[in-house]
Amino acid sequence: MTQYQDNLPKSALAAFFDGLEENIIALILGLMTLITFANVVLRYLFNQSLIWGLEVVLILFAWMVLLGISYGFKKTSHLGVDAVINILPTRGQRVLAIISAVVCLIYAALLLKGAWDYWAPFAALQPTEGRWFPTGFTENTRDRAFYVTDQVPMLDMFRWLEGLINYGDSYDKLPRVIPYAILPFSTALILLRVVQATVRIVTGKQNSLIVSHEAEDEVERVAHGEYEE
Amino acid sequence: MDVVFLFAMVIGLLLIGVPIAVSLGLSSIIFLLMFSDTSLASVAQSLYQAMAGHYTLLAIPFFILASSFMSTGGVAKRIVRFAIACVGHFHGGLAIAGVFACMIFAALSGSSPATVVAIGSIVIAAMTQMGYTKDFAAGVIANAGTLGILIPPSIVMVVYASATDVSVGRMFLAGVIPGILAGTMLMIAIYVMARIKKLPKGEWAGWGEIGSAFKDAFWGLMLIVIIMVGIYGVPGVTGAIFTPTEAAAVASVYAFLVASFVYRDMGPLADRDGTGPVSLLNKPQALVTAFFHKDTRHTLFDAGKLTIMLMFIIANALILKHVLTDEQIPQQIANAMLSAGFGKIMFLIMVNVILLIGGQFMEPSGLIVIVAPLVFPIAIELGVDPIHLGIIMVVNMEIGMITPPVGLNLFVTSGVAGMPMMSVVRAALPFLAILFVFLILVTYVPAISTFLPTSLMGPEIITN
Amino acid sequence: GFAACDDGEMVIKFSHVTNTDKHPKGIAAQLFADRVNEEMDGKVCVEVYPNSTLYNDDQVLEAMLQGDVQMAAPSLSKFETFTKIYRIFDLPFMFKNMDAVEEFQNSDAGEAMKQVMVRRGLLGLEFWHNGLKQISANKPLINPEDAAGLKFRVQPSDVLVAQMEALNASPQPMAFSEVYGALQTGVVDGQQNTWSNIYGQKFFEVQDGVTETNHGLLDYMVVTSVDWWEGLDADIRDQLATILEEVTVERNAAIGQVDADNRQAVLDAGGVIRELTEEQRQAWVDMMKPVWAQFEADVGAENIALAQEINAKH
Ligand code: NA
Ligand code: NA
């Protein structure tokens, strides 16, 4: 089964975004490791600690994974079961691939609504109306712009938020609107990547939404440090 | 029953080729929308908190990163050389050395497929050269590779500890004796087969080779010491230095330093033109550039990408878990099982069956996140030790990895050995039988799992 | 839904983080649920989600504002982002004993404290006690100087961090589930908690001894969402409030006994408890009390004065 993979020619813009996403993922993981390591050294050797260290690392962890999910849809690297689809004729495979793509579209759309509804009050914005289908914006939802993180220091570069959403009250810690902003951003990106994958499937440029289990690919992947169960 | 509908939806979506994570997540969301008042926003909250709210799961990216640095950084090949020097001269010696090397690598890495690739890619080729059949070689490595999650550190144990709030350190200790036992059982079986089938044996290369192989592998082997001393301390010398989660981060930094500056198989000092690695003295700026070198960046990205794949599944399994909790499913299942008069034995058989079936479809971490909260309260009620339950789950996951259709070790082994997957399944079968015997042993002799943690850390306390 | 609740009953989700049968909070929550489910049968049904199975204390308040959970009882230090006024309960040696705490909370100032988060969407219904905090480490703590240089696990709160710094000790944030292991292996040296947590989490097993300082307070507040609460029928709301108040009175009155039982259980299990002489205790007070000044603006000088006035009576 051929996959939409790196070996296809890609535009300079696509290459730029691939590189950008890959660098961000590498950078975040590197930062997580160094902050955790620094905290061990500070505690064991100097009896100190970065009191915000743990919380920042956890935020970075969430950012890395949420950003990376859309990258996974772009590169068709998410795990799935292909035992059944592999025994079907090509036509059947295509039908199931299109159904799968629709399933993923519904998932991504619902996730985006949930993410917006969750994040909006933290940004003093309104969540959407409707149980599953957004039918407009609710009115008069109490905002949660005052809600700050436990220990992450406030950064001066975000002081403009105080006037914008916090009635001019100063923040003594970083407000949650900032770390949580990754949710609507990344779920929107997931939706975009799933739409693109669906188009590729419908136009026959891609065969499925899951990583193929052909052995040679597997080894290639694991040799690069993937699959770690 | 509604919950049957939920699980049917998950399995149906899985089988038509929907990504595992989406199958879990969308089924949960639909179930939530149909049967509960809980908002979609709570799904987003669960998704974010899967990472930001689970401190122990942080060990996953770090252990993956440490493994990546060791695979790219040449630690594996040095371990194989050391293992062959030790046991290569027995009947079936190279196969035994393969198992032994898998055990050592398992003590460095939290993962099974990584163990298969790191050791298998070297050992299987060597075995076929020495006259073993490819089937035999592949069967040995596919099975021995599963020790990666039983011998600590282990990603699956981290996930179990996080799902049930037991101590990660205890789980790691609990895996030591079962891991050594399983490895020994495999080695004995190979030795017996070797005597019967007259399998080749290698030359005894002498203590000198053991010594020099050990010296070469020393920096890699030191990682085991660092992790163990760091987590448990040395009585009378130092207390523990870090938590199991932090241990994984320290291991990553250490593996990076060894790979870049000691072995120099990667990074700015690596051999680029066949003249051998560069000395740090000639290129002192490497101390800084190593952190930004493309090898480092590439390793970080690969580890990050794998973390993302796993965490996407785990996060959606956590959404499913949240929905199950919200609808009080665990209590209902617990009540049903308890009122059916299930005893300990029957319960443990049930757990084995559920996990063995689930393991055919699901990736281990995701499965544990879902099953552990369902069976944990019943186990406590029936007086099953939580640590013992955890080891039973891990062994079930090992078996799941070498049985089709979803068996990561199978895919990986078939690739490493260059043979069709069904042949690997057949080749793994005799050794799989050993793992089954081992599962029964572990299930019905709790002391194998609980002896070490209990004697070193005191009896398990159940805080829930 | 599936749960034990009948069709047509209004479901109240009560989420907390402890067990249901041993911990003071878990016992109180279960008692509240049992009473509502019996006395308001057919109208209202309380489902208790213990052991952080649904939400932990950090997530539950967000979920409450979102309308996904109706009641919770986080410890007072979890409300930092809503108000700084509860910092008074974390300040070292602010209250002489639990009777003083009780009187303060029942005063007009205490009642007013339940209302301070209303503009941000939370209504405090009742204070629930856990008890006074003790301090322990892997070496004897007799004088405050003994704590200098040691690493103590604390909840990540500014007051608790400042308090450890006043002792020249190093505050270390750490997930609660990791504390036992970290104390045992020596990743951290000590901790501070109430008798019920020290016994319940078995911290005494992995510490040299527990020093009976009674230096701080661990209390909870039962909270609900203002919007949800005000949307209830008045008679339902009144009946819920009445049952909750009766449960609160009953369980808070029992806290002295619960504390004493847990303290005794530590002794029975072979734990070491160190009592302080008057002078020794005073040394701890002198060392830690300067922390008050740092937070006076947050908690109000008049509240500190009132607490001291009440202390004098007990
Ligand atoms: Na391992
Ligand atoms: Na399987």
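Residues numbered from 1 in each chain as written. Chains lettered and ligands numbered in written order. Predicted model: local features only at pLDDT ≥ 70, side-chain atom pairs only at ≥ 80, totals over all residues. Heavy atoms only, no water.

As recorded by an unreviewed UniProt entry, chain A carries the name TRAP transporter small permease protein and is attributed to Celeribacter halophilus. UniProt's Subcellular location (unreviewed entry) comment on chain A is quoted here verbatim: "Cell inner membrane". (UniProt positions renumbered as here; feature names shortened; annotations may be inferred.)

A cis geometry characterises the amide bond from B:Pro152 onward to B:Pro153, with omega recorded as -5°. The topology assignment puts B:Pro153 in the loop between α8 (134-145) and α9 (155-164). Here the phi dihedral of B:Arg264 falls at roughly 55°; this positive angle occurs in a residue that is not glycine. Structurally, B:Arg264 can be placed in the loop between α12 (244-262) and α13 (286-292). Using a relative accessible area of 22% as the deciding quantity, one classes B:Arg264 as partly exposed. The phi angle at C:Asn168 is positive, at roughly 60°, despite the residue not being glycine. (Helix = DSSP H or I, 4+ residues; strand = E, 2+ residues; numbered from the N terminus. Buried < 20%, exposed > 50% of the residue type's maximum accessible area, 1.4 Å probe, protein only.)

Often, the extent of an interface is quoted as the loss of accessible area on bringing the components together. The interface is formed by 19 residues belonging to chain A together with 26 residues belonging to chain C. Summing both partners gives a buried area of about 2000 Å² for chain A against chain C, and 45% of it is carried by carbon and sulfur. Between the two partners, chain A and chain C, sit four salt bridges. For the interface between chain A and chain C, the tally reads 14 residue pairs in polar contact (both at pLDDT 80 or more). Here the side of chain A that touches chain C gets three residues from one element, more than from any other, and that element is strand β1 (residues 148-153) of chain A. (Contact = heavy atoms within 4.5 Å. Buried area = accessible area lost by both parts, 1.4 Å probe. Salt bridge = Lys/Arg side-chain N within 4 Å of Asp/Glu carboxyl O. Polar contact = N/O pair within 3.5 Å; in protein donor to acceptor, adjacent residues only side chain to side chain.)

This part takes up the state of the cysteines. As enumerated under the stated definition, the model contains one disulfide over all chains in all. Covalent S-S linkage joins C:Cys5 and C:Cys45, the inter-sulfur distance amounting to 1.8 Å. Every disulfide takes its handedness from the sign of the S-S torsion; for C:Cys5 and C:Cys45 that torsion is -75°, giving left-handed. Highlighted residues: C:Cys5 in the segment before β1 (10-15) and C:Cys45 in strand β2 (residues 44-49), separated in sequence by 40 residues. We classify C:Cys5 as buried; its relative accessible area is 13%. B:Cys86 carries a free sulfur, and the closest cysteine sulfur to it, the one in B:Cys102, is 15 Å from it. (Disulfide = S-S within 2.5 Å.)

Let's shift gears to the layout of surface pockets. A water-sized probe, rolled over the atoms, reveals where empty space remains. Counted as a void, the second largest pocket has a volume near 1000 Å³. Listing elements by their share of the lining of the second largest pocket, those giving two or more residues are α4 (90-119) of chain A, α3 (40-52) of chain B together with β1, β2, α2 (57-66) and α9 (226-230) of chain C. The residue makeup of the lining of the second largest pocket includes at least three contributed by each of domain 1 (1-53) and domain 2 (54-457) of chain B. (1 Å grid on protein atoms, 1.4 Å probe; cavity = no way out; pocket = protein on both sides within 12 Å on 5 of 7 lines; lining within 4 Å. Points joined across faces, edges and corners; volume = space filled by probe spheres on them. Domains from an automatic or database assignment.)

Our focus in this paragraph is the packing of α3(B) against α2(C). Remark: α3(B) packs on α2(C), axes separated minimally by 11 Å, with the N-to-C direction vectors making an angle of 165°. Accordingly, the angle class assigned to the pair α3(B) and α2(C) is roughly antiparallel. By crossing handedness, the relation of α3(B) to α2(C) is classed as right-handed. Contact with α3(B), carried on its side by B:Ala41, B:Ser42, B:Gln45 and B:Gln49, involves C:Gln59, C:Glu62, C:Ala63 and C:Gln66 of α2(C) and no other residues of that element. (Axes fitted to C-alpha atoms, helices over the stretch in contact; angles between N-to-C directions. Parallel < 35°, antiparallel > 145°, perpendicular 65-115°, else oblique. Left-handed = near helix turned anticlockwise from the far one by under 90°.)

Listed per partner, the contact involves 69 residues of chain A and 85 residues of chain B. With both sides pooled, the region where chain A packs onto chain B buries about 6900 Å², and carbon together with sulfur makes up 76% of that total. Taken together, the connections running from chain A to chain B amount to one salt bridge. A salt bridge links B:Glu246 to A:Arg43; its shortest N-O distance comes to 2.7 Å. The interface formed by chain A and chain B contains nine residue pairs in polar contact (both at pLDDT 80 or more). Sorting elements by how many residues they give to the side of chain A that touches chain B places α4(A) first, with 14 residues. In the side of chain A that touches chain B, the residues fall into 46 nonpolar, 13 polar and 10 charged. (Nonpolar A, V, L, I, M, F, W, Y, C, P; charged D, E, K, R; others polar.)

Once that is clear, we can look at empty space enclosed by the protein. This structure, assessed with the given rule, holds eight cavities of 30 Å³ or more. Quantified by volume, the largest cavity comes out at close to 200 Å³. Lining the largest cavity are 18 residues; nearest its centre among them are A:Asn39, A:Arg43, A:Leu54, B:Tyr55 and B:Glu246. Looking at the lining of the largest cavity, the elements that each hand over two or more residues are α1 (12-46) and α2 (53-74) of chain A, α12 of chain B together with β6 (170-173) of chain C. In terms of residues, the lining of the largest cavity owes the most to one element, α1(A), which gives four residues. Its residues placed into classes, the lining of the largest cavity shows eight nonpolar, seven polar and three charged.

Looking now at the UniProt feature "transmembrane region" (unreviewed entry) in chain A. All names here are of chain A. Under the local residue numbering, the UniProt record ascribes the feature "transmembrane region" (unreviewed entry) to residues 24-46, 52-73, 94-112 and 177-195. Between the C-alpha atoms that bound residues 52-73 the distance is 33 Å, and the span itself is 95% helix and 0% strand. In residues 177-195, the share of helix is 95% and the share of strand is 0%. The end C-alpha atoms are 27 Å apart.

With that settled, consider the pattern of salt bridges. Residues and elements named next belong to chain A. In this structure the tally under the stated criterion is 33 salt bridges over all chains. A salt bridge links glutamate 21 to lysine 74, with the nearest nitrogen and oxygen atoms 2.6 Å apart. A residue pair is termed long-range when its members are at least 10 positions apart, and glutamate 21 in helix α1 and lysine 74 in helix α2 qualify at 53 residues. Judged by relative accessible area, which is 12%, glutamate 21 ranks as buried. Note on lysine 74: relative accessible area 10%, which makes it buried.

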